[in-house]
Amino acid sequence: MYGVVLIFVLIITGGAIAFIGDRLGTKVGKKKMSIFGLRPRHTSILVTIVTGVMITTTTLGVMSIMSENVRTALFGMEKLNRSMQQAKTELAEASAQLAMAKSEQDKIQSELDDTKKELSGLEEQKNRLEVQTEELQAVNGRLESSNQLLTANNQELLQKSDKLTRINNILEEGNERLSKNNSELYQINRELTTGIQIMREGSIAFQVGETLAGGIIQGKRSVDDIHNDMGRLLDMARYTVSRKLGSEAKENEKDIWIYQPEFEEAAKYISEHEGEFVVRIVAAGNLIQGEAVATNLQLFANKTVYKDGDLLVEKKVSFNPANGAELEAVLTSFLSDVNHKATSDGMIPDAVNGSVGVVDAEQIYSLMGQLQKSSGSAIISAFADGITDIVGPLRIKLKLAGAGILP
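Attention in this report is confined to the structure presented alongside it. (Residues numbered from 1 in each chain as written. Predicted model: local features only at pLDDT ≥ 70, side-chain atom pairs only at ≥ 80, totals over all residues. Heavy atoms only, no water.)

### Here's the deal with the pattern of salt bridges
The condition is simple: Between Lys or Arg on one side and Asp or Glu on the other, a salt bridge is scored when a side-chain nitrogen of the former is within 4 Å of a carboxyl oxygen of the latter. Only protein chains enter the area calculation, which uses a 1.4 Å probe; residues under 20% of their type maximum are buried, those over 50% are exposed, and those in between are partly exposed.
A full pass over the atoms with the stated rule returns six salt bridges. Aspartate 345 is the salt-bridge partner of lysine 341, the closest N and O atoms lying 2.6 Å from each other. Lysine 341 sits in the partly exposed class, given a relative accessible area of 30%. A relative accessible area of 28% means that aspartate 345 is categorised as partly exposed. Look at the salt bridges and you will find they share partners, linking Arg221, Asp229 and Arg232 into a network.

### Quick look at the nonpolar core
In plain terms, the rule: To qualify as a nonpolar core, a set must consist of buried Ala, Val, Leu, Ile, Met, Phe, Trp, Tyr and Cys residues joined through side-chain atoms within 4.5 Å. Secondary structure elements follow DSSP: runs of H or I of four or more residues count as helices, runs of E of two or more count as strands, with numbering from the N terminus. Contacts between residues were defined by any pair of non-hydrogen atoms, one from each residue, lying within 4.5 Å.
With 29 residues, the main nonpolar core has Tyr306, Leu312, Val338, Leu371, Ile380 and Leu394 as its most contacted residues. Every element with two or more residues in this core is listed here: strand S7 (304–306), strand S8 (311–318), helix H8 (324–344), helix H9 (361–372), strand S10 (377–384) and strand S12 (394–401). The contacts of leucine 312, once residues within four sequence positions are left out, are Tyr306, Val338, Lys341, Ala382, Phe383, Ala384, Leu394 and Ile396. Within the second largest apolar cluster, 23 residues are counted, among which are Phe206, Ala213, Val241 and Ala267.

### Regarding the sheet that holds S12
The condition that has to hold: Any two strands are treated as partners once DSSP identifies two or more bridges connecting them. To get an axis, a line is fitted to the C-alpha atoms, and for a helix only the part in contact is used. The angle between two axes follows their N-to-C directions and goes from 0 to 180 degrees.
Spatially, the four strands line up as an open sheet ordered S8-S10-S12-S9, and their pairing is mixed. The open sheet has two edge strands with one neighbour each: S8 and strand S9 (357–358). Here H8 sits on the sheet in contact with S8, S9, S10 and S12, set at roughly 150° to S8. Sheet contacts for H9: S10 and S12; angle to S12, the most-contacted strand, approximately 15°.

### Let's talk about the sheet that holds strand S3 (residues 256–258)
Strands sit in the order S2-S4-S6-S3 across an open sheet of four strands; the sheet is mixed. The outermost strands of the open sheet, each flanked by one partner alone, are strand S2 (211–218) and S3. Here the average twist between neighbouring strands, direction ignored, is 30°. Sheet topology places strand S4 (residues 276–283) next to strand S6 (residues 293–301); seven bridges connect them, and they run antiparallel. Bridge assignment links valine 279 to a residue of S6, and that residue is leucine 299. Helix H7 (residues 260–272) contacts S2, S3, S4 and S6 of the sheet and is inclined by roughly 20° relative to S6.

Quick look at the structure:
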């Protein structure tokens, strides 16, 4: 907008000066005026030249007054050139510095990227260290628990140490008893040696493993109470021996010999544990009439093996109904399977015959009659008749089923 005003002013000023010069030159020419002694025509030319000079001077003056850029162009061009040259030099230096700055920026950016990567790695390492710290805290907690447990174990070990000291004293006393028992064993050995000779001529009073007495003793009680219960079992064993040998038996034949440390260890075990325990006094070997009765203790934790109505064995059999011997073999094999199943389930078999149960003879006869009426195949099932523990005896119910049974 400023340049438009300036041009407009110059046009008006130039036009005004030209108009004034023209009027002045016309007037001078008409009056044939003379300046400086010149002819009128030359005077008119001089006026025209002066007018042109005035137009130029006035134009430059007005432009100089109204525009700083014009003044700079007229009077400060060299300074402007020097400034421009200096500016170019500074621009070149600035460009070089800018290139260096860009290079430095790229280098810094690269270092920044590396730093970010290192920072990311450090962050991951920090996370791992936090996880390891948590794990170490957990381990520390477990170690504290273990330390408490070790402290408790240490106290328990101290108690056990005292207990072992007492046991050692008991063992020393037992050693004295063992020394005494050693002489007794020597005497028994002599008697056993004699018994081998008697065995060839005499009769066997008790077979090895035969039960002389047995019963259930409640655990977790005092040792004295357990001794009393086991003493009653010994009395029962003596009664069994006396009843089998008869009233005419010698006194030494009625005596029950039992290994005392075994007796004490069994009583101690029962007193320290919960539940019921089956205790049996069994013959230590084939006992011949005329010698002392040597025995062993058998100890079992009692439990319920079968409930009333539990299925023991179910078996499909094939046979010839007309062959009585084959039917007996089938039943014998089935009952053997029942006995094996009960033994494997935890019942204690008889040491002499290996059986664990009894079956009513009437059931056997009834089952034989049904098999004889069958077509040669049937399914035999055995069920528990009542609640049965490990000592039994196991009572069973036999049932017959299958498409081979005739009406």
